[in-house]
Structures are given as structure tokens and as C-alpha cells.
Amino acid sequence: MSLRYECPNCHRPIIRNGSWFKAVSTFHCDACKAKLRLGYSAKLALFERHGKAA
């Protein structure tokens, strides 16, 4: 299942599989090249918004 995360800097959507979001902790936005950190609480919120438990 694909999940959508919005870059907090440029607001560009980042769409990846749920397993990718579970595995990654830091990544770069393809649009603005900002280094983003996705911590545990942010992952929980992401999966809750998409109706899946992390």
C-alpha cells in the first residue's frame, strides 16, 4: 500500500510503500533536496492517517 508524506519544507508529496516508511529514518526530498528525519511518532501519525497500524 502506498502512503503519502508531505515535505515540511516545500510541501511536495512523497509517495512510497508503507514498508519503505517503516524502514527509513532519514531521507532527502527529491524536490527541494532537504534532509528529512522521520521519527517513530511521525511514523505512527503517518500510518494512523492512512488507516494502518505501524
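See above for the structure.
The present account deals with the structure reproduced in this document.

Thresholds applied
- Residues numbered from 1 in each chain as written.
- Predicted model: local features only at pLDDT ≥ 70, side-chain atom pairs only at ≥ 80, totals over all residues.
- Heavy atoms only, no water.
- Helix = DSSP H or I, 4+ residues; strand = E, 2+ residues; numbered from the N terminus.
- Rg over C-alpha atoms; globule rule 2.2 N^0.38 Å.
- Buried < 20%, exposed > 50% of the residue type's maximum accessible area, 1.4 Å probe, protein only.
- Areas by Shrake-Rupley, 256 points an atom, 1.4 Å probe, with all protein chains shown as cover.
- Salt bridge = Lys/Arg side-chain N within 4 Å of Asp/Glu carboxyl O.
- Pairing = 2+ DSSP bridges.

What follows concerns the overall build of the chain. Tallying secondary structure elements over the chain gives 2 helices and 4 strands in all. Moving toward the C terminus, one meets the helices and strands of the chain in the order β-β-α-β-β-α. A compact globule built from 54 residues would reach a C-alpha radius of gyration of about 10 Å, and the chain, at 10 Å, matches this within 12%. Principal axes of the C-alpha set define a box for the chain whose edges measure 30 × 15 × 15 Å. Buried residues in the chain amount to 30% of all 54 residues. Summed over its atoms, the accessible surface of the chain is roughly 3,800 Å², and 49% of this surface lies on carbon and sulfur atoms.

Turning our eyes to something else, we now look at the pattern of salt bridges. Taken as a whole and assessed by the stated rule, the structure comprises 1 salt bridge. Across the pair D30 and R16 runs a salt bridge, and its minimum N-O distance is 3.7 Å. Of this pair, D30 sits in the loop between β3 (26–28) and β4 (35–37) while R16 sits in strand β2 (residues 13–17); the two residues are 14 residues apart in sequence, bridging distant segments of the chain.

Now for the pairing of strand β1 (residues 2–6). Residues L3 and Y5 of β1 are buried on one face, while the alternating residues S2, R4 and E6, pointing to the opposite face, are not. Pairing analysis gives 5 bridges linking β1 to β2, with the strands arranged antiparallel. Across the sheet, Y5 pairs through a bridge with I14, a residue of β2. Here β1 folds back onto β2, and the loop between the two strands holds 6 residues, one of which, H11, carries a positive phi near 65°.

Worth remembering: the numbers are spatial, not functional.
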